[in-house]
Structures are given as C-alpha cells and as structure tokens.
Amino acid sequence: MAATAIRIVVLCLAAAMICASLRVHRPEMAMAVSLAVGVAALLLMSEALAPVVEGLQRFLELAALGDESGEIILRAAGIAIISEMGVQICSDAGETALAGRIRLATRIVMLGMAMPLVAQIADAVSSVLG
C-alpha cells in the first residue's frame with residue numbers, strides 16, 4: 001500500500017508541475033490534465049480500498065449488522081470520495097460556491113442514507129432498555 005501512495009504522490013506532483021506551466025496560456029488544458037490525473041489517482045487507490053472493504057465486512061459480521069447496513073456504509077463512503085473529488089475540482093476552478101453546494105448535497109444524501117441505520121440503533125437500544 002505504501003508503494004501505491006508513493007505512486008499517487010509522484011503522479012500528482014508531476015501533474016501539478018504540468019498544470020502550473022499550462023495554466024499560464026491554456027487554463028482549460030490545465031483543468032483537463034488535473035481532472036484526468038484525479039481520476040487516475042482514484043483508480044490507483046482502488047487496490048488500497050479492498051482491505052478497507054474486507055475490514056468493514058468483518059466489523060459488520062461481528063456487530064451482527066445485516067448486509068443492508070454494510071451496503072449503506074460502503075455507498076456512503078463512495079459518495080464521500082466522489083464528492084470530495086468534485087469539491088476539489090470546483091475549488092481548483094475557482095468555483096467555491098459550487099463546491100459548497102456539493103458538500104451540502106452530499107451531507108443531505110448521506111443523512112438520508114443513514115436513517116435506516118439510525119432506526120436499527122434505536123430499535124436495539126429500545127430492546128435493551130425496555
């Protein structure tokens with residue numbers, strides 16, 4: 001995993017240098033390079049996510065939570081990763097208001113997704129107390 005992190009850092013540093021030189025005369029190309037490298041970095045990270053998913057599945061088994069709960073947590077994690085990339089792209093483009101809208105929308109969606117988990121927790125607490 002350390003090698004993956006090093007590859008991503010080197011890739012992003014090289015892209016940052018390329019983007020800095022492109023931004024002077026071709027800002028749209030700098031944005032395209034930044035976006036492409038961001039996607040490549042996400043793809044490189046995918047191999048590092050496998051142990052995280054396995055650990056989460058093990059945790060869910062130990063906590064006696066169903067497959068639905070695990071699916072919700074994994075979806076929320078995916079949404080968080082993708083939205084963070086969108087926020088960073090908007091910020092790089094100088095669109096901080098749009099980045100804020102992405103953050104807000106993501107929080108609302110994740111809150112909605114979490115409601116079944118909150119209900120499960122409330123049921124568990126209720127059964128223990130009552």
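About the thresholds
- Residues numbered from 1 in each chain as written.
- Predicted model: local features only at pLDDT ≥ 70, side-chain atom pairs only at ≥ 80, totals over all residues.
- Heavy atoms only, no water.
- Helix = DSSP H or I, 4+ residues; strand = E, 2+ residues; numbered from the N terminus.
- Rg over C-alpha atoms; globule rule 2.2 N^0.38 Å.
- Contact = heavy atoms within 4.5 Å.
- Lys, Arg positive; Asp, Glu negative; His and termini not counted.
- Charge placed at Lys NZ, Arg CZ, Asp CG, Glu CD.
- Expected span 1.5 Å × (residues − 1).
- Buried < 20%, exposed > 50% of the residue type's maximum accessible area, 1.4 Å probe, protein only.
- Axes fitted to C-alpha atoms, helices over the stretch in contact; angles between N-to-C directions.
- Parallel < 35°, antiparallel > 145°, perpendicular 65-115°, else oblique.
- Nonpolar A, V, L, I, M, F, W, Y, C, P; charged D, E, K, R; others polar.
- Bend = angle between axes of the 7 residues up to and from the residue.

Trainee: Before we move on, can you summarise the overall build of the protein chain with the specific residues and values?
Mentor: Across its full length, the protein chain carries four helices and zero strands. Counting helices and strands in the order they occur from the N terminus, the protein chain gives α-α-α-α. Scaling as 2.2 N^0.38, a compact globule of 130 residues should have a C-alpha radius of gyration of about 14 Å, whereas the protein chain reaches 19 Å, well beyond that. With respect to the three principal axes, the spread of C-alpha positions in the protein chain is 70 × 35 × 15 Å. Sequence separation of 24 or more characterises 60% of the internal contacts of the protein chain that already satisfy a separation of 6 or more. Positive and negative side-chain charges of the protein chain, numbering 8 and 11 respectively, have mean locations separated by a distance of 10 Å.

Trainee: Any chance you could break down helix 3 (residues 67-92) for me, citing the residues and the numbers?
Mentor: Taking 1.5 Å of rise per residue, 26 residues should cover 38 Å, and helix 3 covers 38 Å from first to last C-alpha, within 8% of that figure. If you check which residues of helix 3 are buried, you get Ser69, Gly70, Ile72, Ala76, Ser83, Met85, Gly86, Val87 and Cys90. Looking at the buried positions of helix 3, the neighbouring elements they touch are helix 2 (27-62) and helix 4 (96-129). Following helix 3 by one or two positions, glycine 94 has its phi on the positive side, about 85 degrees.

Trainee: Residues and numbers for the packing of helix 3 against helix 4, please.
Mentor: Between helix 3 and helix 4, whose axes approach to 9 Å, the crossing angle comes to 175 degrees. Between helix 3 and helix 4, the crossing angle belongs to the class labelled roughly antiparallel. For the contact of helix 3 with helix 4, a count of residues per class yields 15 nonpolar, seven polar and three charged.

Trainee: Got a sec to walk through helix 4? Specific residues and values, please.
Mentor: Relative to the 50 Å expected for 34 residues at 1.5 Å per residue, helix 4 spans 46 Å between its end C-alpha atoms, a close match to the ideal helical length. At methionine 115, helix 4 shows its maximal bend, which comes to roughly 35 degrees, and the proline proline 116 appears one to four places after that position. Of the residues making up helix 4, those classed as buried are Ala99, Thr106, Met113 and Leu117. Where helix 4 is buried, its residues meet helix 3.

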